[in-house]
Amino acid sequence: MRIVVALGGNALLKRGEPMTADNQRANIRRAATVLAELIAAGHALVITHGNGPQVGLLALQAAATPEAPFPLDVLDAESAGMIGYVLQQELGNAVRDRLFAALLTQVRVDPHDPAFGAPTKPIGPVYDETAARRLAAERGWRIAPDNDKWRRVVASPKPLSIVEAEVLSFLVARGVVVICAGGGGIPVVECEDGSLVGVEAVVDKDFASALLARQLDADLLLMLTDVDAVYAGWGGPSARPLGHVTARDLSPADFPAGSMRPKIEAAVDFARATGRPAAIGTLEDAVEIVAGTRGTRIGPDETAGATGPA
């Protein structure tokens, strides 16, 4: 199968773990080992990844310099290059008989997207509420809860098109395992003369991955994160994992914005647009998720499914 694999930022850097180069490489090496199993099974992979922790750290570093800090679109590119380099290297070390390429990817967005007025995308480290509110006041941040902690949130407009889609198709057709759309891609808007300019935002990696999966005619959209499945009633006493479901079984509004909701929206959109499934689960379970025995698989509306565990 041709699979677009979306690695969540928390799959590459565990929640609360110090953002050091050694920790990031160790987690990416772990991811590469799992992805190598999918490649060995004969699947053609296109790999995307999140950048929330990394781009937030780069933004903190940029703000600490006396010169004008770089804008978010440049930091998006920087984080995509940083993660893509290590991921490409570790995949090459794990699989010696395949070609890998990391490609900086521009993603066109609407300059009038309402997301610019209502930031929801968490970036950077987590803080307790007192520290988060102090930093928000000092730095003009928007902040929001993230589980039991707080994080900075930025605009996350919906992706409209992948600018480098033709290049990606060219590489994929030739058997190259491509790492692309890092951090959801670099958000750009199209000017009246057709030129592109970057904007202050972070595109959601899952939305960008779903769009990419449609453009590349993928058989499966696989979103790997730090939870083993989608849970009905998440956080409550009756929470239960969902196994095989259909798009109509899920309402994105029932899930928290900024975490599981974008994954549900992306999965539903992909399943309905293509008639093919999307799946959500942990990195460690990736092989079983593809086989349909772990995680949550979301099929198109006409696919019969059950709401119990897979």
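Residues numbered from 1 in each chain as written. Predicted model: local features only at pLDDT ≥ 70, side-chain atom pairs only at ≥ 80, totals over all residues. Heavy atoms only, no water.

### Details of the overall build of the chain
When helices and strands are tallied, the chain shows nine helices and 17 strands. At 18 Å, the chain has a C-alpha radius of gyration in line with the 19 Å of a compact globule built from 310 residues. Dimensions of the chain, computed from the C-alpha atoms along their principal axes, are close to 55 × 50 × 45 Å. Partitioning the intrachain contacts of the chain with sequence separation of at least 6 by distance along the chain shows that 74% fall at a separation of at least 24. Surface exposure of the chain reaches about 13,600 Å², of which carbon and sulfur atoms provide 52%. (Helix = DSSP H or I, 4+ residues; strand = E, 2+ residues; numbered from the N terminus. Rg over C-alpha atoms; globule rule 2.2 N^0.38 Å. Contact = heavy atoms within 4.5 Å. Areas by Shrake-Rupley, 256 points an atom, 1.4 Å probe, with all protein chains shown as cover.)

### Observations concerning helix H2 (residues 21–40)
In this model H2 runs 28 Å from its N-terminal to its C-terminal C-alpha over 20 residues, within 8% of the 28 Å that 1.5 Å per residue would give. Taken residue by residue, H2 has Gln 24, Asn 27, Ile 28, Ala 31, Ala 32, Val 34, Leu 35, Ala 36, Leu 38 and Ile 39 as its buried positions. Phi turns positive, to about 100°, at Gly 42, one or two residues after H2. (Expected span 1.5 Å × (residues − 1). Buried < 20%, exposed > 50% of the residue type's maximum accessible area, 1.4 Å probe, protein only.)

### Regarding the packing of aromatic side chains
Within the structure shown, the criterion is met by one aromatic pair. Look at Tyr 127 and Trp 141: their rings are 6.2 Å apart centre to centre, the planes differ by 45°, and that puts the pair in the tilted class. Of this pair, Tyr 127 sits in strand S5 (residues 121–127) while Trp 141 sits in the loop between helix H5 (129–139) and strand S6 (142–146), and the two are 14 residues apart along the sequence. Using a relative accessible area of 14% as the deciding quantity, one classes Trp 141 as buried. (Phe/Tyr/Trp six-rings, centres within 6.5 Å; stacked < 30°, edge-to-face > 60°.)

### Overview of empty space enclosed by the protein
Tallied over the full model, the rule gives one cavity of 30 Å³ or more. In this structure, the largest cavity is lined by Gly 56, Ala 59, Leu 60, Ile 123, Gly 124, Pro 125, Tyr 127, Trp 141 and Arg 152. Of all the secondary structure elements, the ones that give two or more residues to the lining of the largest cavity are helix H3 (52–63) and S5. It is S5 that provides the largest number of residues to the lining of the largest cavity, a total of four residues. By residue class, the composition of the lining of the largest cavity is six nonpolar, two polar and one charged. A domain split of the lining of the largest cavity shows at least three residues from each of domain 1 (2–111 + 157–299) and domain 2 (120–154). (1 Å grid on protein atoms, 1.4 Å probe; cavity = no way out; pocket = protein on both sides within 12 Å on 5 of 7 lines; lining within 4 Å. Points joined across faces, edges and corners; volume = space filled by probe spheres on them. Nonpolar A, V, L, I, M, F, W, Y, C, P; charged D, E, K, R; others polar. Domains from an automatic or database assignment.)

### Remarks on the sheet that holds strand S3 (residues 100–102)
Adjacent strands of a sheet pair through backbone hydrogen bonds, lying either parallel or antiparallel. If you trace the eight strands from one edge of the open sheet to the other, you get S3-S9-S2-S1-S12-S16-S17-S15, paired in mixed fashion. Each having just a single partner strand, S3 and strand S15 (244–246) make up the two edges of the open sheet. On average, each strand axis in the sheet is inclined to that of its neighbour by 20°, with strand direction left out of account. Against the sheet, H2 makes contact with strand S1 (2–7), strand S2 (44–49), S3, strand S9 (177–179) and strand S12 (220–225), and its axis sits at roughly 155° relative to S2, the strand it touches most. Along the sheet, helix H4 (residues 72–94) contacts S1, S2, S3 and S9; its crossing angle with S2, the most-contacted strand, is approximately 145°. (Pairing = 2+ DSSP bridges. Axes fitted to C-alpha atoms, helices over the stretch in contact; angles between N-to-C directions.)

### Quick look at the domain arrangement of the chain
Splitting the chain by domain gives domain 1 (2–111 + 157–299) and domain 2 (120–154). Computed from C-alpha coordinates alone, the two centres of domain 1 and domain 2 are separated by 22 Å. Between domain 1 and domain 2, the residue contacts involve 13 residues of the former and 14 residues of the latter. In total, domain 1 and domain 2 occlude about 1,100 Å² of area from one another, counting both sides; carbon and sulfur atoms represent 63% of this. Scanning the region where domain 1 abuts domain 2 turns up one salt bridge. The shortest N-O distance in the salt bridge between Asp 204 and Lys 121 comes to 3.6 Å. In terms of residue count, the dominant contributor to the side of domain 1 that touches domain 2 is H3 (seven residues). (Buried area = accessible area lost by both parts, 1.4 Å probe. Salt bridge = Lys/Arg side-chain N within 4 Å of Asp/Glu carboxyl O.)

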